[in-house]
Every structure is written in structure tokens, then in C-alpha cells.
Amino acid sequence: MADSIIELDAIDRKLLREVQRDGRASLVALAERVGLSPTPCQRRLKRLEEAGIIAGYGARVDAARLGLGLTAFVQVSLSSRAEETVEAFHAALGRMPEVLAAWAMSGETDYLIQVLARDLEDYGEFATRRLLRLPGVKDTRSAFVLRTVKPPAGVPV
């Protein structure tokens, strides 16, 4: 969680929407879209980056076109919440390129992880040979994406 919330004005918000929509836009194009000249636009971008609001830039890659057509959301329960078990689990997840994202959760399950695989057979191999063998894993429950109704989008600003 952030240490403090940064106050944003309407131009900051518009700038964030534009950068999320097109992270490759030139400074001149961004400035024009938000109604600033390039120098103040650049200052605002730098301020947003330094504040950690803009955490980085990247490309959205179509996993299916790379042969990774199966997305699974997996609930993971650990056998122990001892610090060494949790740290070992976190480190192991960090070394697994199939795991796109992981969240520590409240409620009945300890973690929710998002996994990419080629197909169900590939996922089965991953689950039985790697995921279930991670430190402290007691139980998993998997749900598979049938169709993307609304793809991940930018943060609403």
C-alpha cells in the first residue's frame, strides 16, 4: 500500500489516462492531448514517475498468439503461515515464469495466482510437478478462463 496519496488535478488524471492508453506516445503528442506545452507535460510526467504513480512502461502481449492459450486462476492454501514457509513460497513463485501474478488474500484461501499455460495438459504438468510441490502448499483449486469478457485495462483515474 502506498505511503501517502498524491493529489492529482484534472490534467494529471488526463495525462495518466493517455499514458495508460498509449505508453509509446511522444511527449509532443501527450502534451497536445492533455492541453499543455511539452515542457510542463514533461515536468508532470516526471513528478508522477518520481511519486511512483507511474510505476513503469510496457507492452500488452497477446499470450494466445505465443501459444499460451490457457489462463488459470488458482487458489492456494498453505499448510503453515510461519515466516520461513511464506518466504520460501514467495521466492518459489517468483521463479516461476508461468505465474503472471500472485496476490495474498483474506478469506478461505491464502493466495490467488494467475497462471498461463499452453493447454490443459501443460497446466496439469505445471500443477502436479511444480505448484503442488512448492514449500508449504497444502491445497489448490483451479478455475479456467473460458472467454475474456473484459480484458485488463488501466487504472481508473
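What counts, and at which threshold
Residues numbered from 1 in each chain as written. Predicted model: local features only at pLDDT ≥ 70, side-chain atom pairs only at ≥ 80, totals over all residues. Heavy atoms only, no water. Pairing = 2+ DSSP bridges. Helix = DSSP H or I, 4+ residues; strand = E, 2+ residues; numbered from the N terminus. Axes fitted to C-alpha atoms, helices over the stretch in contact; angles between N-to-C directions. Salt bridge = Lys/Arg side-chain N within 4 Å of Asp/Glu carboxyl O. Buried < 20%, exposed > 50% of the residue type's maximum accessible area, 1.4 Å probe, protein only. Arc of directions from axis to C-beta. Contact = heavy atoms within 4.5 Å. Polar contact = N/O pair within 3.5 Å; in protein donor to acceptor, adjacent residues only side chain to side chain.

A. How the structure looks around the sheet that holds strand β1 (residues 70-78). The four strands lie next to each other as β2-β3-β1-β4, forming an open sheet whose pairing is antiparallel. Either end of the sheet is taken by a strand with one partner, and the two such strands are β2 (99-104) and β4 (137-144). Going across the sheet, the axis of each strand differs from the next one's by a mean of 20 degrees, ignoring polarity. Pairing analysis gives seven bridges linking β1 to β4, with the strands arranged antiparallel. If you follow A72 over to β4, its bridge partner there is F144.

B. Local environment of the pattern of salt bridges. The final tally for this structure, using the stated rule, is 13 salt bridges. In this structure, R47 engages D12 in a salt bridge whose closest nitrogen and oxygen atoms are separated by 3.2 Å. Within this pair, whereas R47 is found in helix α3 (residues 38-50), its partner D12 is found in helix α1 (residues 10-21), the two being separated by 35 residues in sequence. For D139, the salt bridge goes to R141, with nearest N and O atoms at 3.8 Å. We classify R141 as partly exposed; its relative accessible area is 40%.

C. Quick look at helix α2 (residues 27-34). Every buried residue of α2 is listed here: L30, A31 and V34. Down the axis of α2, the buried set is contained in an arc of 100 degrees. They therefore lie on one face. In this structure, α2 carries V28 and E32 as exposed residues pointing more than 90 degrees from its buried face. Contacts made by the buried residues of α2 are with α1 and α3. Once α2 ends, the next one or two residues include G35, with phi positive near 80 degrees.

D. Structural detail: the side chain of T109. The residue T109 is located in the loop between β2 and β3 (111-117) in this model. Relative accessible area serves as the criterion here: at 8%, T109 is assigned to the buried category. Polar contacts involving the side chain of T109 include one to the main-chain carbonyl oxygen of Y111, which spans 3.4 Å. Residues within four places of T109 in sequence aside, it is in contact with Q75, V76 and S77.

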